[in-house]
Amino acid sequence: MTSDFALSSPLVPRVSEKDAKALQYIEEITRNAATFQETVLAEILSRNANSEYLQRYKLGGATDRETFKLKLPLITYEDIKPDIQRMADGDRSAVLLASPISEFLKSGEQKLFPSTQEELDRRHFQISLLRAVMNRCVPDLDKGKGLYFLFVRPETRTPGGLLVRPASNSMYKSDHFKTRLHDYTSPIEAILCADSFQSMYTHMLCGLLEREQVLRLGALFASGLLRAMRFLQIHWQALANDIETGTLNQKITDPSIRDCMARILKPRPELAELIRMECSEENWEGIIARIWPNTKYLDAIATGSMAQYIHLLDYYSGSLPIASMLYSSSECFFGLNLNPMCKTSEASYTIMPNMAYFEFLLHDPGSPASTSDFQPPKLVDLVDVEVGKEYEPIITNYTGLYRYKVGDILRVAGFHNASPHFHFVRRKDALLSIDYDKTDEADLQKAVENASRLLREFDTRILEYTSYAEKKTNPGHHVIYWEILVKDPANSPTDDVLKQCCLAMEESLDSAYREARVVDKTIGPLEIRLVKTGTFEELMDYAISRGASINQYKVARCVSSTSILKLLDSRVISKHFSPSLPHWTT
Ligand code: AMP
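Residues numbered from 1 in each chain as written. Predicted model: local features only at pLDDT ≥ 70, side-chain atom pairs only at ≥ 80, totals over all residues. Heavy atoms only, no water.

## Comments concerning the overall build of the protein
We apply this condition: Secondary structure counts use DSSP, requiring at least four H or I residues in a row for a helix and at least two E residues in a row for a strand, with both numbered from the N terminus. In this treatment the radius of gyration is a C-alpha quantity, and the globule benchmark scales as 2.2 Å times the residue count to the 0.38 power. Three labels apply to residues, based on accessible area from a 1.4 Å probe with only protein chains included: buried if under 20% of the type maximum, exposed if over 50%, partly exposed otherwise in between.
A count of helices and strands for the protein gives 20 helices and 23 strands. Since a compact globule built from 586 residues should have a radius of gyration of about 25 Å, the 25 Å found for the protein is in line with a globular shape. Each principal axis of the C-alpha distribution contributes one length, and for the protein these read about 70 × 65 × 55 Å. Burial status across the protein gives 54% buried among its 586 residues.

Structure follows, in structure tokens:
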């Protein structure tokens, strides 16, 4: 086990006392990962010994690892949904945990997780460490600001009166966040405005006004940054108009934003002219570096399903580094990327061993042991995972989850001191299946990437995609919806090319798919349905109108809801089918 985390190397910028403390803290907890894990588990079990859940499994006050593993089952959300529902309905007894909960954190998948102020503080503290990690890699970040596209969602209450919101809402409303506001171009009024259009408009306007101070552009996920770029493409004229006249667009009606912008906005015709000049250019390649010339990096998670946006972000930014800083979810804060300026495809996250008790379930699709009912699942502790192997994390946290299967697949990249760091591989569930085939998110992404190579000579990019297992046809087949960006309509890909794209996707899918398609003929030709520009934007608006959070939103890579399919199908401009069978050999 090695530590590559030099605090005093002559090659890294000098660290402030505050940053040195933060870095030292990371060193200490990762060095003592095993001890922290043991202490965390004992603390969680002793605090909650009287909870209904632990009593249900007759833990009898035990706090040791062996009894815990023997008595408690591995669970998914469905297993504790009735308990969570009772808590949401107002049962204040110690159902899952002993301490009173302060709110429910709502995940992008609309699951509710109990939380406490103590847990939120613990998370905020971890997030505060990110700055020290970044300062170590990029000097002088305190000499400028960040243009961050951060959003809150409207908050709701459960029937029992408890607050329900995404974890990001809690973060942006925390005292900790207030102390960092001077780092951002956006005023708090823009972040806390629940109307996503007004919020985005104000973020962009403030970012343009302070273009020379901006040293980094960020959003929670890469998709959020791209959304911001598309917003600029649509609204730059209105924004430039506001900057020229020093008045705020009438569409911005939120009184607190209007008040605050009245103090900030002054007529700046030269800046407006510059923005018009840059944005009216046909070619938006490198626009970020032109409008915000001092940007040193982009700050947004671009791993997992977000990896497909890297090429578009590269396009807009002129290939600035993309820092994927953290791995976190509504259930748990997992870890930090301690080498954030590495290539995005190499980003990995070091688990913080004081955040929860972590176990890892070996994910080995080739081995029956990982799924069999007869063999015990292969579970290891945090410090015992093996480099190169893939696992699903199982967490026991301070807020009522015991041996909870997270549903992500991670690959061990190495160790930082005694704590492993992981590549995020994908969400676990298979997306598409017609017969015995199972295509997951990573397979689909690879297939789309392979097909997209055929579009290069047409200067065409795939902006978004999703899929659907069409079972009404006989045999069923995969439908892939594509929204594409054609640079030159006179040179757009023809039906033949798109048919070849279908085949390229089939060639890239796994052998089970190809066997079912070629030998058993239980799967029909793969189909691409091209949809109109803006369709995926509409999908997101639709999801948001149904309660999804703009920060957490991730395009579903497979859809099955009738209303979403109806929306997609109503925007289809052309359909293309694979012209022949893919290769298959035994
Ligand atoms: P949510 O609870 O809605 O905020 O979503 C959490 C999920 O987002 C995680 O379980 C992951 O599937 C995904 N996620 C979070 N952080 C990352 C990351 N750094 N890279 C890839 N996916 C991530």
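Next comes the rest of the description.
## Some details on the site of the ligand
What counts, and what does not: Throughout, near means a residue has at least one heavy atom within 4 Å of the molecule or strand. Any pair of N or O atoms that falls within 3.5 Å is considered a polar contact. Within protein, one atom must be able to donate a hydrogen and the other to accept it, and sequence-neighbouring residues count only if both atoms are side-chain atoms. Every accessible area reported is derived by Shrake-Rupley at a probe size of 1.4 Å, with residue values counting cover from the shown protein chains alone.
The full set close to the ligand counts 15 residues, and Gly108, Thr303, Leu326, Ser330 and Asp408 are the nearest of them. Note that a nitrogen atom of the ligand is positioned 2.7 Å from one of the side-chain N or O atoms of threonine 303. With respect to the ligand, the side chain of serine 330 contributes an N or O atom lying 2.6 Å from an oxygen atom. Contact with the protein chains removes 90% of the 500 Å² of surface that the ligand exposes when unbound.

## Thoughts on unusual backbone geometry
In the Ramachandran plot, arginine 403 falls in the positive-phi region, its phi being about 55° despite a non-glycine side chain. With respect to the helices and strands, arginine 403 occurs in the loop between β14 (390-396) and β15 (404-405). For arginine 403, a relative accessible area of 4% gives the class buried. Positive phi outside glycine occurs at aspartate 459, with the angle close to 45°. With respect to the helices and strands, aspartate 459 occurs in the loop between α16 (441-452) and β20 (460-470).

## A closer look at the packing of helix α19 (residues 535-545) against helix α20 (residues 562-570)
In plain terms, the rule: What counts as an axis is a line fitted to C-alpha atoms, over the stretch in contact for a helix, and the angles between N-to-C directions run from 0 to 180 degrees. An angle below 35 degrees is read as roughly parallel, one above 145 as roughly antiparallel, one from 65 to 115 as roughly perpendicular, and any other as oblique. Helix crossings are classified by the rotation of the near helix relative to the far one: an anticlockwise turn of less than a right angle makes the crossing left-handed, while a clockwise turn makes it right-handed. Only heavy atoms matter for contacts: two residues are in contact if any of them lie within 4.5 Å across the pair. Think of it as three bins: nonpolar holds Ala, Val, Leu, Ile, Met, Phe, Trp, Tyr, Cys and Pro, charged holds Asp, Glu, Lys and Arg, and polar takes everything else, Gly as well.
Remark: α19 packs on α20, axes separated minimally by 10 Å, with the N-to-C direction vectors making an angle of 155°. Considering the angle they form, α19 stands roughly antiparallel to α20. α19 and α20 meet at a crossing whose hand is right-handed. Where α19 abuts α20, its residues Thr535, Glu538, Leu539 and Tyr542 lie against Ser563, Ile564, Leu567 and Leu568. Residues of the contact of α19 with α20, tallied by class, amount to five nonpolar, two polar and one charged.

## Regarding helix α12 (residues 255-264)
The α-helix advances 3.6 residues per turn, and as a result positions three or four apart in sequence lie on the same side. Note the threshold: This arc is built from the directions going out from the helix axis to the C-beta atoms.
Residues Ile257, Cys260 and Met261 constitute the buried set of α12. For α12, the angular spread of the buried residues around the axis is 100°, confining them to a single face. Of the residues in α12, the exposed ones pointing more than 90 degrees away from the buried face are Pro255, Asp259, Ala262 and Arg263. Contacts from the buried residues of α12 go to α9 (188-192) and α10 (196-209).

## A word on the sheet that holds strand β22 (residues 527-531)
What counts is decided by this rule: By the convention used here, strands pair only if DSSP detects at least 2 bridges between them.
Read from one edge of the open sheet, four strands run β20-β21-β22-β23, paired in mixed fashion. One side of each edge strand has no neighbouring strand; the edge strands of this open sheet are β20 and β23 (572-577). Between one strand axis and the next, the sheet turns through 25° on average, direction left out of account. Where β20 lies against strand β21 (residues 477-486), 10 bridges are found, and the strand directions are antiparallel. What sits directly across from arginine 461, in β21, is leucine 485. Seen against the sheet, helix α17 (residues 495-508) touches β21, β22 and β23 and runs at an angle of roughly 60° to β23.

## Digging into the side chain of asparagine 337
Looking at the secondary structure, you find asparagine 337 in the loop between β10 (333-336) and β11 (349-351). Within the structure, asparagine 337 has its side chain in polar contact with the backbone oxygen of serine 324 (distance 2.9 Å). Looking at asparagine 337, its side chain comes within polar contact range of the main-chain nitrogen of asparagine 339, at 2.9 Å.

## Notes on the layout of surface pockets
Empty space among the atoms can be located by rolling a probe the size of a water molecule over them. So the rule is basically this: A cavity, in this analysis, means grid points on a 1 Å lattice covering only the protein atoms where a 1.4 Å probe fits yet has no way out; a pocket is instead an open set bounded by protein on both sides within 12 Å along at least five of seven lines, and a residue lines either one if it has an atom within 4 Å of a point. Grid points are joined across faces, edges and corners, and a volume is the space filled by probe spheres set on the points.
Looking at the second largest pocket, its volume works out to about 650 Å³. Contributing to the lining of the second largest pocket are 26 residues, with Gln233, Leu463, Leu485, Val486 and Thr533 lying nearest its centre. Elements supplying a minimum of two residues to the lining of the second largest pocket: α11 (222-245), α15 (310-317), β20, β21, β22 and α19. The element that contributes the greatest number of residues to the lining of the second largest pocket is β21, accounting for four residues. Among the residues making up the lining of the second largest pocket, the classes are represented as 14 nonpolar, five polar and seven charged.

## A few points about empty space enclosed by the protein
Using the criterion set out here, one finds two cavities of 30 Å³ or more in the structure. Of the volumes computed, that of the largest cavity is approximately 240 Å³. If you trace the largest cavity, you find 21 residues lining it, with Ser223, Gly224, Arg227, Met540 and Tyr553 closest to the centre. Mapped by element, the contributors of at least two residues to the lining of the largest cavity are β6 (214-221), α11 and α19.

## Section: the side chain of serine 199
When you line up the elements, serine 199 lands in helix α10. A residue is classified by how much of its surface remains accessible, and serine 199, at 0% relative accessible area, is buried. Setting aside residues no more than four positions away along its own chain, serine 199 makes contact with Leu150, Phe151, Ala190, Ile191 and Cys193.

## With respect to the pairing of strand β1 (residues 103-106)
Along β1, one buried face is formed by Glu103 and Leu105 and the opposite face, lined by Phe104 and Lys106, is buried too. Both β1 and strand β2 (residues 112-115) contribute to a ladder of four bridges, which runs antiparallel. Note that in β2 the partner of glutamate 103 across the bridge is serine 115. Following β1, the chain reverses through five residues before pairing antiparallel with β2; glutamine 110 in that reversal takes a positive phi of roughly 65°. Here β1 runs beside strand β5 (residues 163-165); their pairing, made up of three bridges, is parallel. Counted as the bridge partner of leucine 105 is arginine 165 from β5.

Nothing here speaks to function; it is geometry throughout.
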